[in-house]
Amino acid sequence: MATRPASRQRRAGHSSAAAGPKGPHQQQLPQSGSPTSTTTTTTSSSRLTPELSLDGPVSPLFAGLDEDPTPKENVTVTVRFRPLSPREIRQGEEVAWYADGDTVVRSEQNPSVAYAYDRVFAPTTTTRHVYDVAAQHVVSGAMEGVNGTIFAYGVTSSGKTHTMHGDQRSPGIIPLAVKDAFSIIQETPNREFLFRVSYLEIYNEVVNDLLNPAGQNLRIREDPQGTFVEGIKEEVVLSPAHALSLIAAGEEHRHVGSTNFNVLSSRSHTIFTLTIESSPCGESNEGEAVTFSQLNLIDLAGSESSRAETTGVRRKEGCYINKSLLTLGTVISKLTDGKATHIPFRDSKLTRLLQSSLSGQGRVSLICTVTPASSNSEETHNTLKFAHRAKRIEIQASQNK
Ligand code: ADP
Ligand code: MG
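A word on the overall build of the chain
Step number 1: When you go through the chain residue by residue, the secondary structure sums to 12 helices and 14 strands.
Step number 2: Buried positions account for 57% of the 401 residues belonging to the chain.
Step number 3: The contacts in the chain between residues at least 6 apart in sequence include a share of 74% that link residues at least 24 apart.
Step number 4: Surface summary for the chain: the accessible area is close to 16,800 Å², and the carbon and sulfur share equals 52%.

Structure below.
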């Protein structure tokens, strides 16, 4: 059963597979779980068709992918090095860890410690390249009805926000994904799309709506279609610029209640969600093949160990962060195993919220950010161990040093 916008079922599981001719994004559309609750009402006039959707020509985001194939497994784990910062260079920091192909090697020890991943990005790699390898397949999957989730994991200052949000000079995965999603609409003339976005943060296991300052301490609810945040505001978006302006406004709301934005930003997880609804164009297809999916783009709280924290507030934050990141690691490693064991989604708000997206056929990309700097060597090691635990990849004999 599938329903049309007027009485739309917003939750997946109500979608049916596409019938009829298949375009480039219409191979057998999988059903997906899609946790959604909304305060937004929409009309079919806000549906995105190629004519309505983009303010410019299609960007060549797919160029070069053939030369650099994206890992195709459901769960990919990659590591991104940032360059040494000018301050680290001034302080005479040395390179404690470096990339050797898709392996990360410790330079200080003999015999060296090394870990392998689906891909390791060197400090000179652009975010666009990281996007092409570690994110584009998640975005295109979401446009085909497969839920997708991309995480940036790492200690504060390792490059999570640079990777996910970026800046004018180097746009991050979130703006690249949003533009890509709108581009795919252009390339898919026989389907129409409806995009909605939400933006929330999880701070000390409390869910706050960044698009609605009144939406504090929201509850996570569950129904047969999955988990969802009760009362979260969703906005229909009609262009990339519109979606990105909502994120910018949401960032402003993160200031509320915080005297130190940087401290708060490194102590909370933020989740930007693009909910994608699509159906064939044309009235004759009324009621057929509506698909729902969600693309979750997540800038995680800093993963630094909180053992040294002295104040109660910081210790409490650290406990919550540790617990949710530990649970995330366990969940991803169980998803990677593919074994039908108990997956502890309920052990943290973060994983509970993402349960429907992470389970089933959902695509997951974990991008772990690290600095090569020797002063951060142990924290980097912790990140590498986390990433390795999430997905164990054997080091090939030829790579072994
Ligand atoms: P985090 O969000 O993990 O705390 P940031 O993304 O804020 O870290 O990065 C810390 C600093 O390092 C910022 O000034 C950022 O611009 C810079 N930086 C991070 N990653 C890179 C990179 N890959 N290339 C260049 N600069 C980077
Ligand atoms: Mg940050």
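Description of the packing of helix α3 (residues 127-134) against helix α6 (residues 173-186)
Step number 1: One way to put it is that α3 packs onto α6 with a least axis distance of 10 Å and a crossing angle of 60 degrees. As summarised for this structure, α3 and α6 are arranged oblique, according to the angle between their axes. In this structure, the crossing between α3 and α6 has a hand that is right-handed. Residue-level inspection shows Thr127, Arg128, Val130 and Tyr131 of α3 in contact with α6, the latter providing Ile173, Leu176, Ala177 and Asp180.
Step number 2: For the contact of α3 with α6, the residue count by class is five nonpolar, one polar and two charged.

So, the site of ligand 1
Step number 1: Taken together, the residues surrounding ligand 1 are Arg80, Arg82, Pro83, Val155, Thr156, Ser157, Ser158, Gly159, Lys160, Thr161 and His162.
Step number 2: With respect to ligand 1, the backbone of Val155 contributes an N or O atom lying 3.4 Å from an oxygen atom.
Step number 3: The separation between an oxygen atom of ligand 1 and a polar main-chain atom of Gly159 is 3.1 Å.
Step number 4: Burial of ligand 1 by the protein chains amounts to 64% of its free accessible area of 550 Å².

Let's talk about the packing of aromatic side chains
Step number 1: The full count for this structure, using the stated rule, is four aromatic pairs.
Step number 2: When the centroid spacing of 3.8 Å and the interplanar angle of 5 degrees are considered together, the rings of Tyr153 and Phe386 count as stacked. Taken together, the residues span a long stretch of sequence, with Tyr153 in strand β6 (residues 148-153) and Phe386 in helix α12 (residues 377-390) at a distance of 233 residues. Both residues of the pair, Tyr153 and Phe386, belong to the buried class.
Step number 3: Grouped by ring-pair contacts, the aromatic residues Phe182, Phe193 and Phe195 constitute a single cluster.

Side note on the nonpolar core
Step number 1: In terms of nonpolar packing, the biggest core is built from 44 residues, with Tyr117, Phe151 and Leu366 touching the most fellow members.
Step number 2: Of all the elements in the fold, those that place two or more residues in this core are β1 (75-81), β6, β7 (191-203), α9 (312-337), α10 (349-353), β14 (363-370) and α12.
Step number 3: With six residues, the single largest contributor to this core is α9.
Step number 4: When residues no more than four places from it in sequence are discounted, the contact partners of Leu366 are Thr76, Val77, Thr78, Phe151, Tyr153, Ile332, Phe386 and Ala390.

Thoughts on the confidence of the model for the chain
Step number 1: On average, residues of the chain carry a pLDDT of 79, and 74% of them reach 70 or more.
Step number 2: Confidence drops under a pLDDT of 50 for residues 1-46, and excluding neighbours within four residues, the segment shows 132 contacts in the predicted structure.
Step number 3: Counting contacts from residues 49-72, a segment whose pLDDT is below 50, to residues more than four positions away or on other chains yields 51 contacts.
Step number 4: Here the prediction assigns the complex a pTM of 0.83, and the interface score ipTM is 0.99.

A look at helix α7 (residues 240-253)
Step number 1: The first and last C-alpha atoms of α7 sit 20 Å apart over 14 residues, in line with the 20 Å expected at 1.5 Å per residue.
Step number 2: Taken together, the buried positions of α7 are occupied by Pro240, Ala243, Leu246, Ile247, Gly250 and Glu251. Seen end-on, α7 carries its buried residues on one side only, within an arc spanning 145 degrees.

Remarks on the side chain of Glu234
Step number 1: Tracing the backbone shows Glu234 in the loop between β10 (226-229) and β11 (235-236).
Step number 2: Here the side chain of Glu234 touches Thr275 through a polar contact of 3.4 Å, side chain to side chain.

Rules used throughout
- Residues numbered from 1 in each chain as written.
- Chains lettered and ligands numbered in written order.
- Predicted model: local features only at pLDDT ≥ 70, side-chain atom pairs only at ≥ 80, totals over all residues.
- Heavy atoms only, no water.
- Helix = DSSP H or I, 4+ residues; strand = E, 2+ residues; numbered from the N terminus.
- Buried < 20%, exposed > 50% of the residue type's maximum accessible area, 1.4 Å probe, protein only.
- Contact = heavy atoms within 4.5 Å.
- Areas by Shrake-Rupley, 256 points an atom, 1.4 Å probe, with all protein chains shown as cover.
- Axes fitted to C-alpha atoms, helices over the stretch in contact; angles between N-to-C directions.
- Parallel < 35°, antiparallel > 145°, perpendicular 65-115°, else oblique.
- Left-handed = near helix turned anticlockwise from the far one by under 90°.
- Nonpolar A, V, L, I, M, F, W, Y, C, P; charged D, E, K, R; others polar.
- Near = heavy atom within 4 Å.
- Polar contact = N/O pair within 3.5 Å; in protein donor to acceptor, adjacent residues only side chain to side chain.
- Phe/Tyr/Trp six-rings, centres within 6.5 Å; stacked < 30°, edge-to-face > 60°.
- Core = buried A, V, L, I, M, F, W, Y, C linked by side-chain atoms within 4.5 Å.
- pLDDT = per-residue confidence, 0-100.
- Expected span 1.5 Å × (residues − 1).
- Arc of directions from axis to C-beta.

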